[in-house]
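# Coordinate inspection notes
What follows is the residue order along each chain.
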Amino acid sequence: MTDRLSFLKIDQVGFAYHGDAPILADVSLSLAPGDFHCLVGRSGCGKTSLLKIVGGLLTPTSGSVSITGMPVNGPSRQVGFVFQTPSLLEWRTVLDNVLLPIALHRSVNPSDYDRANDLLSQMGIEDHAERYPHQLSGGQQSRVALARALITEPSLLLMDEPFAALDAITREDLQNDLLWLAQTQGTTILFVTHDIAEAVYLSSHVSIMQAGCIARSMTIDLPNRQQGGGRYHPKIIKLCNEIRAALMPIAGARMP
Amino acid sequence: MIGSRLTSISLLVVLVLIWEGWLALTDVSALLVPPPSAVMVVLWTGLTQGFLWPHIWVTVIETLLGFALGSTIGFAFGVLLSEVSFLRRIVWPYILASQVVPKLALGPILIVWFGFGLTSIIIITALICFFPLLENTVTGVRSAPPDQRDLFRVLGATRMQTLFRLKIPAGLPLILAGVRVAVVLALVGAVVGEFISGGQGLGASIIAAQGMMDTTLMFALFIIITIIGMLFYQLTIIIERRLLRGWQRRNET
């Protein structure tokens, strides 16, 4: 993977909380522009820590992270982050929530409003712009969180199990929205999930994490996923089984 | 909703009637327990002839000034202590200790320092209001969920932006709950402060009525204090509803 043009480079990153056993050990990863890269692993394998290091929320104890050759020393404005919970400000309207990343740095101008409304309508929730988060369903809240992350047009989007709390059908809708938005904006995405099917369906690359290390990385080469139905393509099922086997303590021990 | 309110009003009517009837049937001295009818007459003449109003105003003003002073300082300290954690660790035991001291026991020394009257009472009231605001502000400001805090860090928000746009709004429901407690305590503080130090006000009037064995007037004063307390409480509830329009989700969870 090192021979490809590198956009995000994670170089031998290790991380441990003071005095504790290491959470990450010697993790290296390289993402090309436009990659959709999924980190799959069980709970506690260190995938969220890795994401927070890339986002500048945690400082690695060893190794380094760089984006387009610039080392990451803290949160950067070209990086968007979507959290496990929608984490919307419940006292602000949907529109204000989407505009928050801009409002923290300068006054919001009319073209920002246009863009926010654009994003909301692309996700089919333009009618809810003036509502408060508690008036929205879980799926709608996740869409607002996604719109908020995309409003600054980040070149890198970090996502931490953003759809884990949604029902299966809403999750599929959001996955499709995300794929479409990522492709139209050319955003590079690093996506953490424990859902193997989600990882295979969404990504161009999957890395399997186990006990703070990357156990295996694979390129997912699928026929055009935009045409629907691709979700249950035999090739996807095969890849899912392969990943599931890799995640098992004893390979293939409990394959369904 | 309306049904239960109606029932609760009828309960009051029934209790008052039982009270009145019991006094009529037994020979309990009206000097000890005045009949409700007599209390209402005293209340009515006191309000229409106006001799109660100056006392009401004095107590209301003491309550409001003491509340404003105590809760403002409590809020400001709460924000400071929640932001500067080493300060919180150092100062917290002392604040706690100061709260265990019964504030009214400080009354005599406050009178020595500030003299009889308004100043001492306002300070007692403020001391009582201080703690609920402080405690709820500290808890409230620190209640923003970790994901929201990480969000503000990712977005490059300054410390002040995080405080004013995230932590204080996120803590507002708790802070306002502190206000609700403080308002009620403020009235108690003002009335009892007047017991010790007042020449005017509803608390001072209770002491004066006690001196004259005028239990009827005392009951009339209880009723006025209760009504003032309920009005203040309702007012804070209305303000709370206004301010917390968008917060429902957190209140539900």
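All of these numbers come straight from a predicted model, not from anything done at the bench. (Residues numbered from 1 in each chain as written. Chains lettered and ligands numbered in written order. Predicted model: local features only at pLDDT ≥ 70, side-chain atom pairs only at ≥ 80, totals over all residues. Heavy atoms only, no water.)

## Here's the deal with the overall build of chain B
The following threshold applies: The helix count covers DSSP runs of H or I at least four residues long, the strand count covers runs of E at least two residues long, and both are numbered beginning at the N terminus. Only protein chains enter the accessibility calculation, which uses a 1.4 Å probe. A residue is then buried if its area is under 20% of the maximum for its type, exposed if over 50%, and partly exposed in between. Note on contacts: a residue pair is in contact if any heavy atoms of the two residues lie within 4.5 Å. Each accessible area is a Shrake-Rupley result for a 1.4 Å probe, and residues are judged covered by the shown protein chains and nothing else.
From N to C terminus, chain B includes 11 helices and 0 strands. Traced from its N-terminal end to its C-terminal end, chain B shows the element sequence α-α-α-α-α-α-α-α-α-α-α. Once the C-alpha set of chain B is aligned to its principal axes, its extents read approximately 75 × 55 × 30 Å. Counting across all 253 residues of chain B, residues that qualify as buried make up 43%. Of the contacts made within chain B by residues no fewer than 6 positions apart, 75% connect residues no fewer than 24 positions apart. Per element, the accessible surface of chain B, about 13800 Å² overall, is 74% carbon and sulfur.

## Overview of the pattern of salt bridges
All names here are of chain B. As a reminder of what qualifies: Salt bridges are identified by distance alone: a Lys or Arg side-chain nitrogen within 4 Å of an Asp or Glu carboxyl oxygen.
Throughout the structure, instances matching the rule amount to 9 salt bridges over all chains. The closest approach of N and O atoms between glutamate 240 and arginine 180, which form a salt bridge, is 2.9 Å. Within this pair, whereas glutamate 240 is found in helix α10 (residues 215–243), its partner arginine 180 is found in helix α8 (residues 159–197), the two being separated by 60 residues in sequence. Residue classification places glutamate 240 among the buried positions, given a relative accessible area of 12%.

## Some remarks on unusual backbone geometry
Residue and element names in this part refer to chain A. Not every positive phi belongs to a glycine, and glutamine 12 is a case in point at roughly 50°. In this fold, glutamine 12 is placed in strand β1 (residues 8–15). Backbone geometry at serine 87 places phi at a positive 45°, although glycine is not the residue there. By the secondary structure assignment, serine 87 is in the loop between β6 (79–82) and α2 (94–103).

## As for the sheet that holds strand β9 (residues 205–210) of chain A
Within a beta sheet, neighbouring strands are joined by backbone hydrogen bonds and run either parallel or antiparallel to one another. All names here are of chain A. Here is the rule: Should DSSP find at least two bridges between two strands, the strands are regarded as paired. Angular values range over 0 to 180 degrees, each being the angle between N-to-C directions of two axes fitted as lines to C-alpha atoms, with helices fitted over their stretch in contact.
On the basis of which strands lie adjacent, the open sheet formed by 6 strands has the order β6-β7-β8-β3-β9-β10 and mixed pairing. The outermost strands of the open sheet, each flanked by one partner alone, are β6 and β10 (213–219). On average, each strand axis in the sheet is tilted by 15° relative to the strand beside it, whichever way the strands run. Where β9 and β10 come together, 6 bridges link them in antiparallel fashion. From the neighbouring strand, valine 206 faces β10, where its bridge partner is methionine 218.

## Observations concerning the packing of aromatic side chains
All names here are of chain A. How we decide: Between rings of Phe, Tyr and Trp, where Trp is taken as its six-membered ring, a pair exists when centres lie within 6.5 Å; planes separated by under 30 degrees are stacked, by over 60 edge-to-face, and by other angles tilted.
On inspection of all chains with the given rule, the structure shows 9 aromatic pairs over all chains. With a centroid separation of 5.0 Å and an interplanar angle of 80°, the aromatic rings of phenylalanine 15 and tyrosine 17 are classed as edge-to-face. For phenylalanine 15, a relative accessible area of 5% gives the class buried. The structure contains a cluster of three or more aromatic residues connected by ring pairs, namely Phe36, Phe163 and Phe191.

## A short note on the confidence of the model for chain A
Here is the rule: What pLDDT reports is the predictor's confidence in each residue, on a scale of 0 through 100.
Summary statistics for chain A give a mean pLDDT of 85 and a share of 92% for residues scoring 70 or more. Note that residues 250–256 of chain A has pLDDT below 50 and, in this model, 6 contacts with residues that lie over four places away or in other chains.

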